[in-house]
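# Notes for the structure review
These are the residues of each chain, in order.
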Amino acid sequence: MLYITNKDLNYWKIVNDTIRTADAAFTDLLGALKAGYVEEPLSRLCFNYNNPMIRKIVASRDERLRRRAIELFYTQSLLMGNHVMSNQELQLMNESLFYFVNLGLDRAEAGEYRG
């Protein structure tokens, strides 16, 4: 996986996180700063389709598993790229990680795990 951004994305992530938690006066100031920009910069999450794990996830019929895998890959790519992570992204990483740990434990208890 590769998470690609432009140079302004981390700045806008910090501004948006601050707006969500700041008091009204500071929020208005940050809102005015944002008003001068038409669009916030975008990012891309690129998957290596030659990777057997990615192919398994794409082929999976379990929509929840696919969604959790993408969330986990997304947050892992943020960590590996030394990107700033918001509280929401940290929570997403934890929820996705716990999902897979619980899935593995449930399968181990059912005798399905062959790790």
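Note that the structure is a prediction, hence the values are computed from the model and not measured. (Residues numbered from 1 in each chain as written. Predicted model: local features only at pLDDT ≥ 70, side-chain atom pairs only at ≥ 80, totals over all residues. Heavy atoms only, no water.)

Next up on the list: the packing of helix H4 (residues 63-80) against helix H5 (residues 87-109). Across the interface, H4 lies against H5 with an axial gap of 9 Å and an inter-helix angle of 130°. Classified by the angle their axes make, H4 and H5 are oblique. The element H4 and its partner H5 pack so that their crossing is left-handed. Along its contact with H4, which presents Arg64, Leu65, Arg68, Ala69, Glu71, Leu72, Tyr74, Thr75, Leu78 and Leu79, the element H5 presents Glu89, Leu92, Met93, Glu95, Ser96, Leu97, Tyr99, Phe100 and Leu103. Broken down by class, the residue content of the contact of H4 with H5 amounts to 12 nonpolar, two polar and five charged. (Axes fitted to C-alpha atoms, helices over the stretch in contact; angles between N-to-C directions. Helix = DSSP H or I, 4+ residues; strand = E, 2+ residues; numbered from the N terminus. Parallel < 35°, antiparallel > 145°, perpendicular 65-115°, else oblique. Left-handed = near helix turned anticlockwise from the far one by under 90°. Contact = heavy atoms within 4.5 Å. Nonpolar A, V, L, I, M, F, W, Y, C, P; charged D, E, K, R; others polar.)

Let us now look at H4. With 18 residues, H4 should reach 26 Å at 1.5 Å per residue; the first-to-last C-alpha distance of 25 Å fits that figure. Turning to H4, its buried residues number three or more, namely Leu65, Arg68, Ala69, Glu71, Phe73, Tyr74, Thr75, Ser77 and Leu78. The backbone nitrogen of Arg64 lies 3.1 Å from a side-chain oxygen of the residue at the head of H4, namely Asp62. Once H4 finishes, Asn82 follows within two positions and takes phi at roughly 55°, a positive value. (Expected span 1.5 Å × (residues − 1). Buried < 20%, exposed > 50% of the residue type's maximum accessible area, 1.4 Å probe, protein only. Polar contact = N/O pair within 3.5 Å; in protein donor to acceptor, adjacent residues only side chain to side chain.)

We now examine unusual backbone geometry. Although it is not a glycine, Asn82 sits at a positive phi angle of roughly 55°. Note on placement: Asn82 falls in the loop between H4 and H5.

By the element assignment, Arg66 lies in helix H4. Take Arg66: its relative accessible area is 25%, and that puts it in the partly exposed class. In this structure the C-alpha to C-alpha distance between Arg66 and Ile54, which are 12 residues apart in sequence, comes to 9.7 Å. Those residues in contact with Arg66 that lie beyond four places of it in its chain are Ile57, Val58, Ser60 and Arg61. Side-chain polar atoms of Arg66 contact the backbone oxygen of Ser60, separated by 2.4 Å.

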